[in-house]
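Inside the fold
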Amino acid sequence: MRRFLPLFILFFAPLTSQAQRVLEPRHLHLLVSEGIHLILSQEYAKADSVFRLVTVEYPDHPVGYIYQAAVLQTKALDYELVLESFELDPVLEQALNKAEQLLKSDPYNAWGHFFLGTIYGYDSYARVERGDWFGGVTKGLSAVSAFREALEHDSTLYDAFAGIGTYLYWKGRKTEFLHWLPFVSDDRKEGIAMLKECWEKGTYNRFAAANSLVAIFLDAGNPYEADRFATLALQSYPSNRLFLWGKATAQERIGNFAEARETYERLLQAIVADTTENLYNELVCRLNLARVQLRLGFRAEAERELKQIMEMKKKKRFVKHLSRRAATKFAEAESLLISLTSEPGR
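A quick note: this is a predicted structure, and the numbers were derived from the prediction, not measured.

A closer look at the pattern of salt bridges
Oppositely charged side chains can form a pair if their charged atoms are brought close together. Taken as a whole and assessed by the stated rule, the structure comprises 22 salt bridges. Here Lys 316 ties to Glu 277 by a salt bridge, and the two come within 3.5 Å at their closest N and O atoms. Placement of Lys 316 in the loop between α14 (299-315) and α15 (320-341) and of Glu 277 in the loop between α12 (257-273) and α13 (279-296) is noted, with a sequence separation of 39 residues between them. Classification of Lys 316 by relative accessible area gives partly exposed; the value is 35%.

What follows is the structure, encoded as structure tokens:
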């Protein structure tokens with residue numbers, strides 16, 4: 001399941017009292033903050049409308065196009081959609097053109113380098129999703145380089161820490177078998193420290209850092225910290241499905257099945273209540289909820305969820321890129337249901 005992003009997709013959060021840097025003029029900052037709030041509230045059509053307005057009111061600025069890309073990538077993650085290049089690439093191309101023009105007129109503009117890093121980061125993630133790992137790594141390195149240059153020009157631009165920190169952890173994670181070599185460093189601790197600092201001091205990327213930290217701590221076998229950061233994020237956006245996935249997963253791994261059950265129920269409610277059908281995530285959520293209910297001894301409730309999954313199997317069709325994964329989940333649910341209903345004494 002693509003619940004967490006290992007490289008560069010960024011969630012954005014409105015200004016907090018701890019923030020150090022904001023966009024100028026203030027009207028631009030307010031528009032972007034409103035769009036960001038809508039992304040985190042998972043109101044993607046409204047968010048896209050706000051960022052399209054930004055491109056109209058600030059036609060020479062890259063930020064409107066950058067956040068249009070943020071909407072596309074976050075929506076694709078949330079709904080398990082294929083990130084289509086014909087939708088994303090033209091937006092990134094516009095953003096890149098505007099960022100390069102900004103840096104051409106002011107090579108020392110820290111925001112310009114930050115924008116460039118963000119654009120490369122989105123491109124990196126999209127390439128990896130399409131199977132272009134070499135292109136993804138290349139763009140990822142370019143993103144980190146741009147973020148570092150932004151910090152050279154303004155060390156208080158803590159939002160850049162989200163991209164660098166995420167990269168450092170996953171680079172270390174994917175190359176850990178090479179750490180015995182003198183020229184291959186393990187910068188995972190540094191990456192985590194940068195992400196925590198972004199959470200504490202950033203302006204726009206605080207929730208990017210929280211998302212990365214949830215994924216990282218789950219990967220590192222520290223579900224307690226994953227649960228902590230998911231909980232912090234949910235205090236601001238209690239119905240955000242991506243953070244609910246993180247919290248439920250962390251609680252299940254901790255062994256806190258009662259709380260995991262409650263969180264999966266919250267998540268299922270958020271999925272079903274959404275105006276956009278989200279079949280695969282509903283299937284997985286119901287299956288996970290059934291497993292947790294069985295761990296707690298709630299057999300009737302688990303059986304009800306499993307039967308609901310079997311109804312989905314009969315009535316619902318899944319898009320091509322999810323059909324094989326859905327078939328695996330259906331098989332797991334059917335096996336659980338058979339085991340549950342065939343036990344002696346029923």
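Let's talk about helix α4 (residues 85-105)
Quick reminder: α-helices carry 3.6 residues per turn. Residues three or four places apart thus point the same way. Its 21 residues give α4 an end-to-end C-alpha distance of 30 Å, which sits within 8% of 30 Å, the value for a rise of 1.5 Å per residue. Along α4, the residues classified as buried are Leu 88, Val 91, Leu 92, Ala 95, Lys 98, Ala 99 and Leu 103. The buried side chains of α4 occupy one side of the element, clustering within an arc of 135 degrees when seen end-on. Along α4, exposed side chains directed more than 90 degrees from the buried face belong to Phe 86, Glu 93, Lys 104 and Ser 105.

Re unusual backbone geometry
Negative phi values dominate among residues other than glycine, just as trans dominates among peptide bonds. With omega at 0 degrees, the peptide bond leading from Glu 24 into Pro 25 counts as cis. Locating Pro 25 in the fold gives a position in the segment before α1 (26-40). Of note, the phi angle at Gln 42 is positive, near 60 degrees, even though the residue is not glycine.

Points about the side chain of Ser 124
Structurally, Ser 124 can be placed in helix α5 (residues 110-129). In this structure the side chain of Ser 124 is engaged in a polar contact, spanning 2.7 Å, whose partner is the backbone oxygen of Gly 136.

Section: the packing of helix α9 (residues 206-219) against helix α10 (residues 223-236)
Their axes nearest at 7 Å, the elements α9 and α10 cross at an angle of 155 degrees. Between α9 and α10, the angle falls in the class roughly antiparallel. In terms of crossing hand, the pair formed by α9 and α10 is left-handed. Where α9 abuts α10, its residues Phe 207, Ala 210, Leu 213, Val 214, Phe 217 and Leu 218 lie against Pro 223, Glu 225, Ala 226, Phe 229, Ala 230, Ala 233 and Ser 236. Across the contact of α9 with α10, the residue classes break down as 11 nonpolar, one polar and one charged.

With respect to helix α8 (residues 188-201)
Here α8 contains 14 residues, and its C-alpha end-to-end distance of 20 Å stays within 8% of the 20 Å for a straight helix at 1.5 Å per residue. What α8 keeps buried is the set Arg 188, Gly 191, Ile 192, Met 194, Leu 195, Cys 198 and Trp 199. Projection of α8 onto a plane perpendicular to its axis shows the buried side chains occupying an angular sector of 160 degrees, all on one side.

A look at the packing of helix α11 (residues 241-254) against α12
Where α11 contacts α12, the axes come no closer than 8 Å and their chain directions differ by 160 degrees. One element, α11, and the other, α12, form an angle in the roughly antiparallel class. Crossing handedness for the pair α11 and α12: left-handed. Contact residues: α11 offers Arg 241, Leu 244, Trp 245, Lys 247, Ala 248, Thr 249, Gln 251 and Glu 252, while α12 offers Phe 257, Glu 259, Ala 260, Thr 263, Tyr 264, Arg 266, Leu 267, Ala 270 and Ile 271. The class makeup of the residues in the contact of α11 with α12 is nine nonpolar, three polar and five charged.

Topic: the packing of aromatic side chains
Counting across every chain of the model gives 16 aromatic pairs. Arranged with centres 5.9 Å apart and planes meeting at 65 degrees, the rings of Trp 111 and Tyr 204 form a pair that is edge-to-face. Of this pair, Trp 111 sits in helix α5 while Tyr 204 sits in the loop between α8 and α9, placing them 93 residues apart in sequence. As far as burial versus exposure is concerned, Trp 111 and Tyr 204 are alike and both buried. Seen in terms of ring centroids, Phe 318 and Phe 330 are 5.7 Å apart; in terms of plane orientation they differ by 75 degrees. Their pairing is edge-to-face. Separated by 12 residues along the polypeptide, Phe 318 in the loop between α14 and α15 and Phe 330 in helix α15 bring together distant segments of the chain.

Some details on the confidence of the model for the protein
Interpretation of the predicted coordinates at a detailed level should be avoided for regions scoring low in pLDDT. For the protein, the average pLDDT comes to 89, and 89% of its residues sit at 70 or higher. Within the model, the stretch residues 1-19 combines pLDDT values under 50 with 91 contacts to residues more than four positions away or in other chains. Segment residues 177-184: pLDDT under 50, and seven contacts once partners within four positions in sequence are set aside and those in other chains are kept.

Analysis parameters
- Residues numbered from 1 in each chain as written.
- Predicted model: local features only at pLDDT ≥ 70, side-chain atom pairs only at ≥ 80, totals over all residues.
- Heavy atoms only, no water.
- Salt bridge = Lys/Arg side-chain N within 4 Å of Asp/Glu carboxyl O.
- Helix = DSSP H or I, 4+ residues; strand = E, 2+ residues; numbered from the N terminus.
- Buried < 20%, exposed > 50% of the residue type's maximum accessible area, 1.4 Å probe, protein only.
- Expected span 1.5 Å × (residues − 1).
- Arc of directions from axis to C-beta.
- Polar contact = N/O pair within 3.5 Å; in protein donor to acceptor, adjacent residues only side chain to side chain.
- Axes fitted to C-alpha atoms, helices over the stretch in contact; angles between N-to-C directions.
- Parallel < 35°, antiparallel > 145°, perpendicular 65-115°, else oblique.
- Left-handed = near helix turned anticlockwise from the far one by under 90°.
- Contact = heavy atoms within 4.5 Å.
- Nonpolar A, V, L, I, M, F, W, Y, C, P; charged D, E, K, R; others polar.
- Phe/Tyr/Trp six-rings, centres within 6.5 Å; stacked < 30°, edge-to-face > 60°.
- pLDDT = per-residue confidence, 0-100.

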